[in-house]
Amino acid sequence: MFSGKNDSKSSHPKSDSEKKFIAALKKKDIRAYERLYDEYSNIVGGIARSYLNAGDVEDVIQEVFLRVYKSVKRFKGDSAFSTWLYRITVNVCKDFLKKYSKRSETVVDFEDEEVPFKEPVSDVSVEHKVAAEFERESFEAIMSKLSEDDRLFITLRDIEGLDYEEISKIVNKPLGTVKSRIHYARKKLRNLLKKYGIE
Amino acid sequence: MNCKEINESIMDRYFDNELNADEIRELREHLSNCSQCSSDFKSYRKIVDFQKTRLSLASSSIGRDKLVKKLKRRKALPMQIAIGFAAITLSFFGTKTYMDFKNIDNRYKMIVDKSVEMMVSTASSENPVSKGIKSASAEIENTTENIIDLVNDEE
């Protein structure tokens with residue numbers, strides 16, 4: 001009902017049903033949190049998956065909603081609820097990244113990894129599957145070459161379709177900076193696509 | 001509209017839905033004649049679509065149930081803390097009250113013991129008071145015996 005995209009565009013003033021929903025969250029109504037999970041776990045998971053580009057996505061989702069539970073009382077409604085939620089998501093992702101670096105664990109690094117070579121197969125349907133798999137692996141390799149921030153910017157803007165203003169609130173950076181960061185992230189991605197020969 | 005313009009700004013504005021109708025027409029014309037720009041557009045669209053599919057996984061009921069369990073535990077936590085605190089407080093005061101009663105009991109016992117001790121020591125010492133007490137008790141003892149003898153004789 002309050003999907004991220006719609007919510008971001010009609011955040012002020014909030015609808016009655018959204019106000020009731022937020023009030024229920026503040027009252028720690030478990031059903032409201034079930035609804036929160038159903039409506040937002042996709043986008044929260046999407047941000048986590050793109051930002052971390054690794055596992056732990058469900059852990060991030062759980063942590064995000066637990067933080068909402070702990071701090072929703074402090075939500076004053078100055079921004080859209082979705083903006084506030086995505087900001088928490090980005091912070092949780094950053095915390096997870098710090099945890100990775102502390103554990104000296106590296107997220108799968110494709111830096112010097114070549115795009116895998118697939119043997120030609122005669123069967124047409126198998127050929128399609130192999131081609132699709134090849135493309136999937138190439139795309140994953142390309143996405144992993146972007147920095148976490150670049151992946152996040154592309155995800156928020158091009159995948160989730162959030163507007164620049166909301167993104168600037170989520171990442172807590174000026175609007176101009178966000179615009180230029182997205183411009184350069186897109187450019188980097190296009191250059192990588194060229195480099196990998198993706199047409 | 002040339003390749004550089006497209007790469008520097010037009011493509012961004014296209015993906016941000018900021019191009020007007022004339023610009024879109026011009027862009028289409030360019031793309032139909034420029035294989036490199038056309039390929040850039042297609043590949044960017046492809047990877048965005050790929051990411052959309054990859055990232056839009058359906059929410060799992062397992063994850064939701066896990067969250068609900070955690071939240072219920074958290075919700076019950078203040079009550080558990082209160083019960084624990086009440087139990088600790090009760091056991092503390094219960095123990096204290098028991099110890100107080102025990103102390104009072106001990107104190108009474110001590111007073112009685114001391115009194116008996118004092119009486120015994122007073123009776124056994126050689127000072128005038130104890131002598132007086134001794135002779136008085138001996139006299140009472142004799143008188144009592146005489147009375148008993150008289151009663152026996154009369155019978």
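As the structure is a prediction and not an experimental result, all values here were calculated from the model. (Residues numbered from 1 in each chain as written. Chains lettered and ligands numbered in written order. Predicted model: local features only at pLDDT ≥ 70, side-chain atom pairs only at ≥ 80, totals over all residues.)

### Some details on the overall build of chain A
Stated formally: Here a strand is any run of E in DSSP of at least two residues, a helix any run of H or I of at least four, and the numbering for each starts at the N terminus. Between the buried cut of 20 or more and the exposed cut of 12 or fewer other C-beta atoms within 10 Å of a residue's own C-beta lies the partly exposed class, and all C-beta atoms are placed from the backbone. What counts as a contact is two residues whose backbone-derived C-beta atoms lie within 7 Å of each other.
In terms of helices and strands, chain A carries nine helices and zero strands. Each helix and strand of chain A, ordered N terminal to C terminal, gives the series α-α-α-α-α-α-α-α-α. A buried classification covers 35% of the 199 residues belonging to chain A. Of all intrachain contacts in chain A linking residues separated by at least 6 positions in sequence, the fraction that spans at least 24 positions is 73%.

### A few points about the overall build of chain B
Scanning chain B from N- to C-terminus turns up five helices and zero strands. For chain B, the proportion of its 155 residues judged to be buried stands at 7%.

### A closer look at the confidence of the model for chain A
Residue and element names in this part refer to chain A. Applied cut-off: Note on scores: pLDDT gives the predictor's confidence for each residue, bounded by 0 and 100.
Of all residues in chain A, 79% attain a pLDDT of 70 or more, and the chain-wide mean is 80. Predicted confidence is poor over residues 3-11, with pLDDT under 50, and the contacts of this stretch with residues over four places away or in other chains come to 21 contacts. A low-confidence stretch, residues 105-120 (pLDDT under 50), is modelled with 18 contacts involving residues beyond four sequence positions or located in other chains.

### Topic: the interface of chain A and chain B
Accessible area lost during the coming together of the parts is what is often quoted as the interface size. Applied cut-off: Residue polarity follows a fixed list, in which Ala, Val, Leu, Ile, Met, Phe, Trp, Tyr, Cys and Pro are nonpolar, Asp, Glu, Lys and Arg are charged, and the others, Gly among them, are polar.
Listed as interface residues are 31 residues of chain A and, on the opposing side, 27 residues of chain B. Those elements that provide at least two residues to the side of chain A that touches chain B are α3 (30-52), α4 (57-71), α6 (124-145), α7 (148-159) and α9 (175-195) of chain A. Looking at which element gives the most residues to the side of chain A that touches chain B, the answer is α3(A), with eleven residues. Considering only residue class, the side of chain A that touches chain B consists of 14 nonpolar, eight polar and nine charged.

### Focus on the nonpolar core
Note the threshold: Each nonpolar core comprises buried Ala, Val, Leu, Ile, Met, Phe, Trp, Tyr and Cys residues, the members being joined through C-beta atoms within 7 Å.
If you look at the biggest cluster of nonpolar residues, it comprises 49 residues, and the most contacted ones within it are I47(A), A48(A), V64(A), F65(A), V68(A) and C93(A). Ranked by residues supplied to this core, first place goes to α3(A) with ten residues. In this view, C93(A) contacts I47(A), A48(A), Y51(A), L52(A) and V60(A); residues no more than four positions away in its chain are not counted. I6(B), I10(B), L27(B) and C37(B) belong to the second largest nonpolar core, which has five residues in total.

### Observations concerning helix α3 (residues 35-55) of chain B
All names here are of chain B. Convention followed: Take the residue count of a helix, subtract one, and multiply by 1.5 Å to get its expected span. The arc refers to the directions leading from the helix axis to the C-beta atoms.
In a regular helix each residue adds 1.5 Å, so 21 residues correspond to 30 Å; α3 covers 30 Å between its end C-alpha atoms and thus fits that length. Along α3, the residues that are buried comprise C37, D40, S43, Y44, I47 and Q51. Projection of α3 onto a plane perpendicular to its axis shows the buried side chains occupying an angular sector of 130°, all on one side. Across from the buried face of α3, at angles greater than 90 degrees, the exposed residues are S35, R45, D49 and T53.

### Description of unusual backbone geometry
Residues and elements named next belong to chain A. Of note, K28 is a non-glycine position whose phi angle comes to about 65°, a positive value. Within the secondary structure layout, K28 lies in the loop between α2 (16-26) and α3. The class for K28 is partly exposed, based on 14 C-beta atoms found within 10 Å.

### A few points about the confidence of the model for chain B
Per-residue confidence for chain B gives a mean pLDDT of 80, with 91% of residues at or over 70. Across the assembled chains, the prediction reports ipTM 0.71 with pTM 0.64.

### A look at the packing of α2(A) against α3(A)
Residues and elements named next belong to chain A. To keep things clear, this is the line we draw: Structural elements are reduced to axes, namely lines fitted to C-alpha atoms, with helices fitted over the stretch in contact, and the angle between N-to-C directions of any two is expressed from 0 to 180 degrees. These descriptions rest on fixed angle ranges, namely under 35 degrees for roughly parallel, over 145 for roughly antiparallel, 65 to 115 for roughly perpendicular, and the rest for oblique. The handedness criterion is simple: a crossing whose near helix is rotated anticlockwise from the far helix by less than a right angle is left-handed, and one whose near helix is rotated clockwise is right-handed.
Axis separation between α2 and α3 bottoms out at 8 Å; the angle between their running directions is 120°. On the basis of the axis angle, α2 is oblique to α3. In the crossing of α2 with α3, the sense of the turn from one axis to the other is left-handed. Across from F21, A24 and L25 in α2, the residues of α3 making contact are A32, Y33 and L36. Considered class by class, the residues forming the contact of α2 with α3 number six nonpolar, no polar and no charged.

### A short note on the packing of α9(A) against α3(B)
It is the contact of α9(A) with α3(B), at a shortest axis distance of 10 Å, that shows an interaxial angle of 105°. By the angle between their axes, α9(A) is roughly perpendicular relative to α3(B). Taken together, the residues of α3(B) that come into contact with α9(A) (itself represented by L189(A), R190(A) and L193(A)) are D40(B), S43(B), Y44(B) and I47(B).

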